[in-house]
Amino acid sequence: MVKFALYLLVLVIFAYGSKQLGFPKAYFLFLVAILGSVAGMVLLPLFKPVFSSLWSLLPLKSNRKQNAETQDINDGRFQQVLVKETKKLPEETEPAEADAEPAPERKEVLELKREHRKEAKLDPETGDTFDSLRSRLARPAVYAFRPYPPHREKHGRSKIGGLPDLPNSIPWPKAPGHGDQVKADLPLHFLAQIDLADLPWRPEGIPKAGMLFFFGRFDESLSWSEPEVASANDIRVLYDADYAGAPTAFPKNLPSLRDGNYHFDLLFGLPGDEKSRIFPEWPLNFAKVETMPVAEGLPFEAPEGYREAHTRHLTDQLLTAFGTMTADNARHREFHLFAPWTEEDKAAGKPLVVRPHEETGFPFAPRGIGLICRILRNRHAAKLEETGFETCFEDWQLQADRSHETAIEQRAIEAFIEDLNDFLAQAADKRYSNYLKSDIERAMHRLVTESGADPELAKHVPELVYVAAADRHPVFLKDADGVQCPEFPGARSGNCYHQMFGHLSSVQFQMAHDSPEQLLLQLFSDWGAEMTIGDGGEFDFMINESDLGEQEFDKVSAAHCAH
C-alpha cells in the first residue's frame, strides 16, 4: 500500500508539472494513469476470482502439474502397464553390482556408491519409493566407455573413431544418393566398432561374438531420418561374424567431417592442411548397468521426487562402471602450467609465465609443442606478426612434427618455454592473456584426446594433466571429502560414455514402452573424443525385435537428435 501511495504521488507531481509547463497532452495522460490506477486498486479484489479461473484454464506446465491426479502405483490403470513391463524384462535384471563379487580395486567405488544412494519416498501417501519402481521398470543395459587415463586398463578391439577393421569381403559403405540432398556413392564416416564378445551382457538375439561396425553421414546439417530419404543415405550397420578384418584406409573421396567445419580444423588447422575426415581413435570398455526410464518416459505421470532419484540412480551406475581418480582438490582443478596469476596481476597487465619444465613436465611430448604452435598460428596470427614471433613458432612446429613423439632434449624444451614466455610477455594484456591461456589449455585437451590412440604418447602425459581434463572423460574425481565435481561424468561438457540396449534417454524424444524397436547403440556427444554431435546431441541406432532375431543388422534405423 505504501508503494502504491508513492507511485500515485509521483504521477500527481508529473501531472502538476506538465500542466504548469504548458503540456496539456502529457497532463491528460498522467491524469488518465492516476484515475486508472485508483480504479484498478478498487476493482481488483472483486475480479480476482474470475482472473484466477481463467488463468487455470491456460495450457501451462505449472497448471498441468497442479491439476494432475495423485499417482498411485497400485491403481489398476498403471498396474496393466507395469505388468507388461515385467513381462518384457529378461531374466537377468539384477543391478550390475549384484552379478558377482567386485574386484578389490572396485570395492572402494562400491562403498562410495552405497553412501551416495538415498532412498527417496516418491509418494508420501502410498509410501512408494524409487526402488519399488525399479523392481518393475528397470532394464539392464551396457555402457560403452573410454578407459581413462588411456591404456591403464586392458581393452580389446572395440573403439570409437579411427579406422574400421573391415574384412576384404565388406566394402566401405556408401550412400546411394538422393537428388541434391545426398550425393550418389558418397562414402559414410566411420563412427564406432563393437566386439560383441567383449559385452558383459546382451539381450536375446545379439550374437555372442563378431564385430558390429557403425557408419554415418557426418556433414554439417546431420539431417538424418528425412521422410523422403532412404535410411541407407544416412547410416549403415555392418556385421562381421568371423573377425576377418584389419584397419582399412578410408576412400579418397570420403568427405571432410562437418563439411570442413570440424572442431580440430577450426582451432588447429593451417593453410594447406587437409581437412579431418576421421575422428580421433579411442578404445572402448564395457560395464553392465541398470537403466530406468526418464520422467518423461514413464507410462504414467512422474511422482514427485522421481527426477532427483533418477539422477542419483544414474550416478550410482556410473560410479560402478567408471570408478574414480584421486585429486588434491576435485572442485578447483586446472592444468597448473602457469605461475600464479592473480586478479591484481591481470589488472596490472602482468604477463602469463609458463612454469619451468622440471615442475610440470610441460610440454610433455613433441606433439604438445606442435599443438601449441598450431593453435597460436591459427588463432593468434596477427599478434604473432605484430610481436615478430611468426617464424619462431613455425620453426618450432616443423621441429616438433619431425620428432615423431620421441623424447625431447632438455635444451630444446627450455628454449621453447623461453620463446613462449617471451611471446606471452610481449602480448601481455589482461584480456588477451586470458585468450592465450585458454588456447594453450585447449592444446593440452587435444593432447589428451590424441593419447587415446597412442600408448607411447599416453606415457608422457602426467597424472595432473589427466586430472585437469577429467570433466571431458569418464571419471569421477575423488578427494578427502569423497566423490566431487562433476555430479556425473560429462555433466558440464556432454556425455563421455555411450549406451547399448536398455531404456532410451534422448534429448528429443522418448520411445514407447511397448515399441517393437529396441535400442542397439546410442552414441552421445563426446567432447573428450571430439565427437560432438550437433548441439550436444546423440545418434540413436534402433533395431526391430524381429530383425534382431534374424540378425538383419542392415535393417537398423537411426536418428540424429540434438537440443
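Up top is the structure these notes are about.
Residues numbered from 1 in each chain as written. Predicted model: local features only at pLDDT ≥ 70, side-chain atom pairs only at ≥ 80, totals over all residues. Heavy atoms only, no water.

Caption draft 1: Fine view of the packing of helix 11 (residues 366-379) against helix 13 (residues 390-403). Running from N to C, helix 11 and helix 13 point in directions that differ by 145°, and their axes come no closer than 8 Å. Considering the relative orientation of helix 11 and helix 13, their crossing is left-handed. Contacts between helix 11 and helix 13 involve Pro366, Arg367, Ile369, Gly370, Cys373, Arg374, Leu376 and Arg377 from the former and Phe393, Glu394, Trp396, Gln397, Ala400, Asp401 and Ser403 from the latter. Its residues assigned to classes, the contact of helix 11 with helix 13 comprises seven nonpolar, three polar and five charged. (Axes fitted to C-alpha atoms, helices over the stretch in contact; angles between N-to-C directions. Helix = DSSP H or I, 4+ residues; strand = E, 2+ residues; numbered from the N terminus. Left-handed = near helix turned anticlockwise from the far one by under 90°. Contact = heavy atoms within 4.5 Å. Nonpolar A, V, L, I, M, F, W, Y, C, P; charged D, E, K, R; others polar.)

Caption draft 2: Quick peek at a nonpolar patch on the surface. On the surface, a cluster of nonpolar side chains totalling about 300 Å² of accessible area is made up of Leu6, Leu9 and Ile13. In this fold, Leu6 is placed in helix 1 (residues 2-20). (Patch = residues over 30% accessible without salt bridge, like charges linked within 9 Å, V, L, I, M, F, W, Y side chains within 5 Å. Areas by Shrake-Rupley, 256 points an atom, 1.4 Å probe, with all protein chains shown as cover. Salt bridge = Lys/Arg side-chain N within 4 Å of Asp/Glu carboxyl O.)

Caption draft 3: Looking closely at the packing of helix 11 against helix 14 (residues 410-426). Where helix 11 meets helix 14, the axes come as close as 12 Å, and the angle between the chain directions of the two elements is 25°. It follows that helix 11 is roughly parallel to helix 14 by the angle criterion. Seen from above, helix 11 lies across helix 14 with left-handed handedness. Facing Ile369, Ile372, Cys373 and Leu376 of helix 11, the residues of helix 14 in contact are Phe416, Leu420 and Phe423. (Parallel < 35°, antiparallel > 145°, perpendicular 65-115°, else oblique.)

Caption draft 4: Representation of helix 6 (residues 130-137) within the structure. Listed as buried for helix 6 are Phe130, Leu133, Arg134 and Leu137. Considered in projection along helix 6, the buried side chains sweep an arc of 110° and stay on one side of the axis. (Buried < 20%, exposed > 50% of the residue type's maximum accessible area, 1.4 Å probe, protein only. Arc of directions from axis to C-beta.)

Caption draft 5: Structural view of the packing of aromatic side chains. Across all of its chains, the model carries 24 aromatic pairs by this definition. On the numbers, 5.5 Å between centres and 80° between planes, the contact of Trp396 with Phe416 is edge-to-face. Here Trp396, found in helix 13, pairs with Phe416, found in helix 14; they are 20 residues apart in sequence, far enough to count as distant. The two residues Trp396 and Phe416 agree in class, both being buried. For Arg146, the ring lying beneath its charged end belongs to Trp282, and the centroid distance is 4.5 Å. The side chain of Lys383 reaches across the aromatic face of Tyr432, ending 4.8 Å from its centre. (Phe/Tyr/Trp six-rings, centres within 6.5 Å; stacked < 30°, edge-to-face > 60°. Lys NZ or Arg CZ within 6 Å of the ring centre and 35° of its normal.)

Caption draft 6: Spatial organisation of the pairing of strand 9 (residues 211-216). Counting buried residues in strand 9 gives six out of six residues, a clear majority hidden from the surface. Side-chain alternation along strand 9 places Met211, Phe213 and Phe215 on one buried face and Leu212, Phe214 and Gly216 on a second face that is also buried. Pairing between strand 8 (residues 189-195) and strand 9: six bridges, direction antiparallel. Counterpart to Phe190 in the pairing with strand 9 is Phe215. Direction of pairing for strand 9 relative to strand 10 (residues 235-240): antiparallel, over a ladder of six bridges. Its bridge partner lying in strand 10, Leu212 is registered against Tyr239. (Pairing = 2+ DSSP bridges.)

Caption draft 7: Structural view of the environment of Leu199. Of note, Leu199 is situated in the loop between strand 8 and strand 9. Taking the C-alpha atoms as reference points, Leu199 and Lys288, 89 residues apart in sequence, are found 8.0 Å from one another. Sequence-distant contacts of Leu199, that is, excluding residues within four places in its chain, are made with Val142, Ile194, Phe286, Met500 and Phe501.

Caption draft 8: Just the nonpolar core, in detail. Counting 92 residues, the largest nonpolar core has Phe362, Phe393, Phe416 and Phe541 as its most contacted members. In this structure, Ala287, Leu314, Leu319 and Ala321 belong to the second largest nonpolar core, which totals 14 residues. (Core = buried A, V, L, I, M, F, W, Y, C linked by side-chain atoms within 4.5 Å.)

Caption draft 9: Layout of the sheet that holds strand 4 (residues 159-160). The antiparallel open sheet is built from five strands, whose spatial order is 10-9-8-4-12. Unpaired on one side and paired on the other, strand 10 and strand 12 (282-283) mark the two borders of the sheet.

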